[in-house]
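# Coordinate inspection notes
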Amino acid sequence: MNKDLTVGNPQTVLWKFCLPLFGSIIFQQMYNIADSLVAGKFIGENALAAVGNSYEITLIFIAFAFGCNIGCSVITSRYFGAKDYQNMKSAVSTSMISSAIICALLMFIGIFFGSGLLSMIHTPAELFADSKLYLDIYVLGLPFVFFYNISTGIFSALGDSKTPFYFLAVSSVVNIGVDIYFVRNLHMGVAGVAWATFLCQGASCILALVIVLKRLREIKISSKAALFSGKLFGQFIKIAVPSILQQSFISIGNIIIQGVINGFGAGVIAGYAAGVKLNNLVITSFTTIGNGVSNYASQNIGAKKYSRVSEGFTAGVKLVWCLSVPLCLLYFIFPHMLLRFFLDTPSYDALHSGTMYLRILAPFYFVVSAKLVSDGILRGAGLMKDFMTATFTDLVLRVVLAIVLSKTFLGYTGIWCAWPIGWSIATVMSIYFFRQGKWKEQ
């Protein structure tokens, strides 16, 4: 059901809108967690390492899908908030056409240059074949990834965060069952976890597209909306490209870091593969709430209700900090238990590296979550220069420090220390940009 985010108590409205988004991303992350969990439990530590190794490359593709999601969602919500439904519908079709072209280009790169990407990150020989197999199947499913993200972006722009939650809740649970069946009963190995994800994401994508297009048809306009608009394409690009660059460079940074980690052997790679899935579950959850704040801010900026934007920032920080408390305690106190979900008989290196990774990062979830809320408002207002400045500062610091600290007596533990430093400095910058109030001029 469509919902106007420009009316009602800001905290109540934002929390009701964002909590289903949080639930949705938990289930969405279960796709990747299920792959790693089943690979580690039913195939072996090397299979887990192979899936984790490929995951860093798939994050580049996800970055493009995420950027298209944000570009479509912010522009659509701006026109929805302003009650300009003609341009809103044109923004949707323009975004879909643009995203389809981007997806096709990425599939070409993935199919013909996948081996080169794996070689670039120094994939160990014993992991190469399984990593390539997983990556190839993932690339075939990229249209599902893109159009599902576009669909959820439209739902969010219309103020509906519950429908995507229902899709993901069902499909992610089914994915776990299919994962186990393909691997344990059909003995498909790494291919089994990849095909299970392909099938379940495909079903979610098709259902989401059908319903969101039906929802859009129910919104009546005076004349047929333009299928593609150069003006709206420009607005889409203004938001989408910086978001794509942000996520892509983060992914490239993670690939560089993965290359550094790969020098420490399969045990550390497996520990990091498990730990990074758990960490990404948290960070992606906070990012999704930040996306919700973007939709909230964009609708209210479109309606010229600027005071609600400031109240939304406060409400957003309260929400992510409430979520940070249990997550921080869980990851800091019980990392061994969480890692053993992925590792059946872990080596010392795998368990120790994963434990240190989670314990170093967990206390700083309070910091990075505040940044992601602030980022949400900057992005919703279209202040992409400020948004990217803070984000790239974080990325550059993490990559440089990971390389430098890994060569000290800290070893791979030094790599983990790079995250909190980058997060802390970038958070100060993002909140400073928000406090400047330039979003009121949009």
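As shown above, the structure is provided for reference.
Residues numbered from 1 in each chain as written. Predicted model: local features only at pLDDT ≥ 70, side-chain atom pairs only at ≥ 80, totals over all residues. Heavy atoms only, no water.

## Comments concerning the overall build of the protein chain
Our working definition: A run of H or I in DSSP counts as a helix once it spans at least four residues, and a run of E counts as a strand once it spans at least two, with each numbered from the N terminus. Here the globule rule is a power law, 2.2 Å times the number of residues to the power 0.38, and the radius of gyration is based on C-alpha atoms. Note on classification: 1.4 Å probe, protein chains only; a residue is buried when its accessible area is under 20% of the maximum for its type, exposed when over 50%, partly exposed between these limits. We call two residues contacting when some pair of their heavy atoms lies within 4.5 Å. The protein chains shown are the only cover counted for residues, whose accessible areas, like all others here, come from Shrake-Rupley with a 1.4 Å probe. A residue counts as positive if it is Lys or Arg and as negative if it is Asp or Glu; His and the chain ends are not included. To locate a charge, the coordinates of NZ of Lys, CZ of Arg, CG of Asp or CD of Glu are taken.
Along its length, the protein chain carries 15 helices and zero strands. Its C-alpha radius of gyration of 21 Å places the protein chain within 12% of the 22 Å reference for a compact globule of 442 residues. Overall size of the protein chain, expressed as C-alpha extent along the three principal axes, is 65 × 45 × 35 Å. By the burial criterion, 61% of the 442 residues in the protein chain qualify as buried. Excluding contacts between residues fewer than 6 apart, the proportion of contacts in the protein chain whose partners are at least 24 apart in sequence is 86%. Accessible area for the protein chain stands at about 16500 Å²; split by element, carbon and sulfur atoms hold 71% of it. Computed over 31 positive and 18 negative side-chain charges, the separation of the two mean positions in the protein chain equals 12 Å.

## Looking at empty space enclosed by the protein
To keep things clear, this is the line we draw: Buriedness of a pocket was judged along seven lines, with at least five required to meet protein on both sides within 12 Å; pockets are open sets of points on a 1 Å grid over the protein atoms alone, cavities are sets where a 1.4 Å probe fits but cannot get out, and lining residues have an atom within 4 Å of a point. Grid points are joined across faces, edges and corners, and a volume is the space filled by probe spheres set on the points. We call Asp, Glu, Lys and Arg charged. Ala, Val, Leu, Ile, Met, Phe, Trp, Tyr, Cys and Pro are nonpolar, and the rest, Gly among them, are polar.
Tallied over the entire structure, the rule returns two cavities of 30 Å³ or more. Counted as a void, the second largest cavity has a volume near 50 Å³. Taken together, Ile137, Tyr138, Gly141, Ala194, Thr197, Phe198 and Gln201 form the lining of the second largest cavity. When contributions to the lining of the second largest cavity are tallied by element, the ones reaching two or more residues are helix 4 (125–140) and helix 7 (190–217). The residue makeup of the lining of the second largest cavity, split by class, is four nonpolar, three polar and no charged.

## Overview of the state of the cysteines
Convention followed: Any two cysteine sulfur atoms lying within 2.5 Å of each other are counted as a disulfide.
Tallying each qualifying case throughout the model produces zero disulfides. The thiol of Cys103 is unpaired, and the distance to the nearest cysteine sulfur, on Cys68, comes to 8.9 Å. In this structure Cys322 is not part of a disulfide, and its nearest cysteine sulfur, from Cys18, lies 13 Å away.

## Re the layout of surface pockets
Space inside the largest pocket adds up to approximately 250 Å³. Looking at the largest pocket, it is lined by 13 residues, and the ones nearest its centre are Lys89, Ser93, Leu216, Ala225 and Leu227. Counting residues per element, the ones that place at least two in the lining of the largest pocket are helix 3 (85–120) and helix 7. Sorting elements by how many residues they give to the lining of the largest pocket places helix 3 first, with five residues. Taken together, the residues of the lining of the largest pocket break down into eight nonpolar, two polar and three charged.

## Here's the deal with the pattern of salt bridges
Oppositely charged side chains can form a pair if their charged atoms are brought close together. The condition that has to hold: Any carboxyl oxygen of Asp or Glu within 4 Å of a side-chain nitrogen of Lys or Arg constitutes a salt bridge here.
With the rule as written, the count across this model stands at five salt bridges. With a closest N to O distance of 2.9 Å, Asp160 and Arg215 form a salt bridge. Remark: Arg215 occurs in helix 7 and Asp160 occurs in the loop between helix 5 (142–157) and helix 6 (162–185); sequence separation between them is 55 residues. With a relative accessible area of 3%, Asp160 lands in the buried category. According to the relative accessible area criterion, Arg215 is buried, its value standing at 13%.

## Description of the nonpolar core
Our working definition: Among buried residues, those of type Ala, Val, Leu, Ile, Met, Phe, Trp, Tyr and Cys that are joined through side-chain atoms within 4.5 Å constitute a nonpolar core.
Of all hydrophobic cores here, the largest spans 125 residues; its most connected members are Leu142, Ile154, Tyr331, Tyr365, Trp416 and Trp419. Listed in part, the 11 residues of the second largest apolar core include Val38, Tyr134, Val183 and Val193.

## Re the packing of aromatic side chains
Condition: Aromatic rings from Phe, Tyr and Trp, with only the six-membered ring used for Trp, were paired whenever their centres fell within 6.5 Å, and each pair was classed as stacked if the ring planes differed by under 30 degrees, edge-to-face if by over 60, and tilted otherwise. Definition used: whenever NZ (Lys) or CZ (Arg) falls within 6 Å of the ring centre and also within 35 degrees of the ring normal, the charge is taken to sit over that ring.
Taken as a whole and assessed by the stated rule, the structure comprises 19 aromatic pairs. Note on Tyr357 and Trp416: the rings are 5.0 Å apart at their centroids and 80° apart in plane angle, and the pair reads as edge-to-face. Of this pair, Tyr357 sits in helix 12 (residues 348–361) while Trp416 sits in helix 15 (residues 412–436), and the two are 59 residues apart along the sequence. Across the pair, exposure class does not vary: Tyr357 and Trp416 are buried alike. In textbook terms, an aromatic cluster arises when at least three aromatic residues are bridged by ring pairs, as seen for Phe264, Tyr272, Tyr357, Tyr412, Trp416 and Trp419. Sitting above the plane of the Phe332 ring, Arg359 keeps its charged end 5.9 Å from the centroid.

## A few points about unusual backbone geometry
Its identity as a non-glycine residue notwithstanding, Lys83 has a phi of 65°, on the positive side. Turning to its location among the elements, Lys83 is positioned in the loop between helix 2 (45–81) and helix 3. Judged by relative accessible area, Lys83 falls into the partly exposed class, the value being 43%. Positive phi values are uncommon outside glycine, yet His187 reaches one of about 55°. Residue position: His187 is located in the loop between helix 6 and helix 7. What makes His187 exposed here is its relative accessible area of 63%.

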